[in-house]
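# Structural features, examined
Given next are the chains, with one letter for each unit.
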Amino acid sequence: MTGQQAYGWRAYAQNTVETWEMTVEVDNRDTFAETAITGFGNEGESPFGYFGITRIVSDSGTETFLAAGSFGASSYRQAVYRTGVTSVRVQLACWDSWVRGRLLLNYW
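Anyway, here's the lowdown on the structure attached to this text.

Criteria and cut-off values
- Residues numbered from 1 in each chain as written.
- Predicted model: local features only at pLDDT ≥ 70, side-chain atom pairs only at ≥ 80, totals over all residues.
- Heavy atoms only, no water.
- Pairing = 2+ DSSP bridges.
- Helix = DSSP H or I, 4+ residues; strand = E, 2+ residues; numbered from the N terminus.
- Axes fitted to C-alpha atoms, helices over the stretch in contact; angles between N-to-C directions.
- Buried < 20%, exposed > 50% of the residue type's maximum accessible area, 1.4 Å probe, protein only.
- Contact = heavy atoms within 4.5 Å.
- Salt bridge = Lys/Arg side-chain N within 4 Å of Asp/Glu carboxyl O.
- Core = buried A, V, L, I, M, F, W, Y, C linked by side-chain atoms within 4.5 Å.

What follows concerns the sheet that holds strand 2 (residues 48-58). Pairing is antiparallel across the open sheet formed by four strands, whose spatial order is 1-4-2-3. The sheet terminates laterally at strand 1 (3-42) and strand 3 (61-64), the two strands that pair on one side only. Direction aside, the axes of adjacent strands within the sheet are offset by 15° on average. Looking at chain direction, strand 2 and strand 3 are connected through four bridges and run antiparallel. Considered in strand 3, the bridge of Ser58 is made with Gly61.

Structure follows, in structure tokens:
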């Protein structure tokens, strides 16, 4: 491993579903990207939260993981390794909750 970078975001929604997307640019590096929910708080009757990788651009092309353009557990990758990565997009989604997530980029 030749380096690391970490990014974090926090989101909040009450009585609605909210989603946020963030894109991190990478300088054409071999990258292992991994996400994790680092905090979750209940703000209503049926809370949920998701955080994960939705798109990566690399030597393999553009890969989009969203299932039918929606959010949910099947739409996110928790970790992806690719060569020649130029960008990683993550999405944070919540309902009646606050969610905090971390993206860690490990460079090889």
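So, about the side chain of Ser87. Residue position: Ser87 is located in strand 4 (residues 79-107). The exposure class of Ser87 is buried, given its relative accessible area of 12%. The residues touching Ser87, leaving out its near neighbours within four places in the chain, are Thr23, Val24, Glu25, Val26, Arg55, Ile56 and Val57.

On inspection of all chains with the given rule, the structure shows two salt bridges. Across the pair Glu21 and Arg89 runs a salt bridge whose closest N-O atoms are separated by 3.6 Å. Within this pair, whereas Glu21 is found in strand 1, its partner Arg89 is found in strand 4, the two being separated by 68 residues in sequence.

This part covers the side chain of Ser58. For Ser58, the location among the structural elements is in strand 2. Beyond its immediate stretch of four places on either side in the chain, Ser58 contacts Glu63, Arg82, Thr83, Gly84 and Val85.

Further remarks concern the nonpolar core. Ile53, Val88, Val90, Leu103 and Leu105 are the most contacted members of the largest nonpolar core, which totals 20 residues. Residue assignment for this core shows that the elements contributing at least two residues are strand 1, strand 2 and strand 4. Here the element with the most residues in this core is strand 4; it accounts for 10 residues. Sequence-distant contacts of Leu103, defined by excluding residues within four places in its chain, comprise Gln5, Ala6, Tyr7, Trp9, Val24, Ala33, Glu34, Thr35, Phe51, Val88 and Val90.

Another point: unusual backbone geometry. Glycine aside, a negative phi is what most residues show, and trans is what most peptide bonds show. Positioned with a positive phi, Asn15 is a non-glycine residue whose angle comes to about 60°. Within the secondary structure layout, Asn15 lies in strand 1. Since its relative accessible area comes to 59%, Asn15 is described here as exposed. Positive phi outside glycine occurs at Asn28, with the angle close to 50°. Secondary-structure assignment places Asn28 in strand 1.

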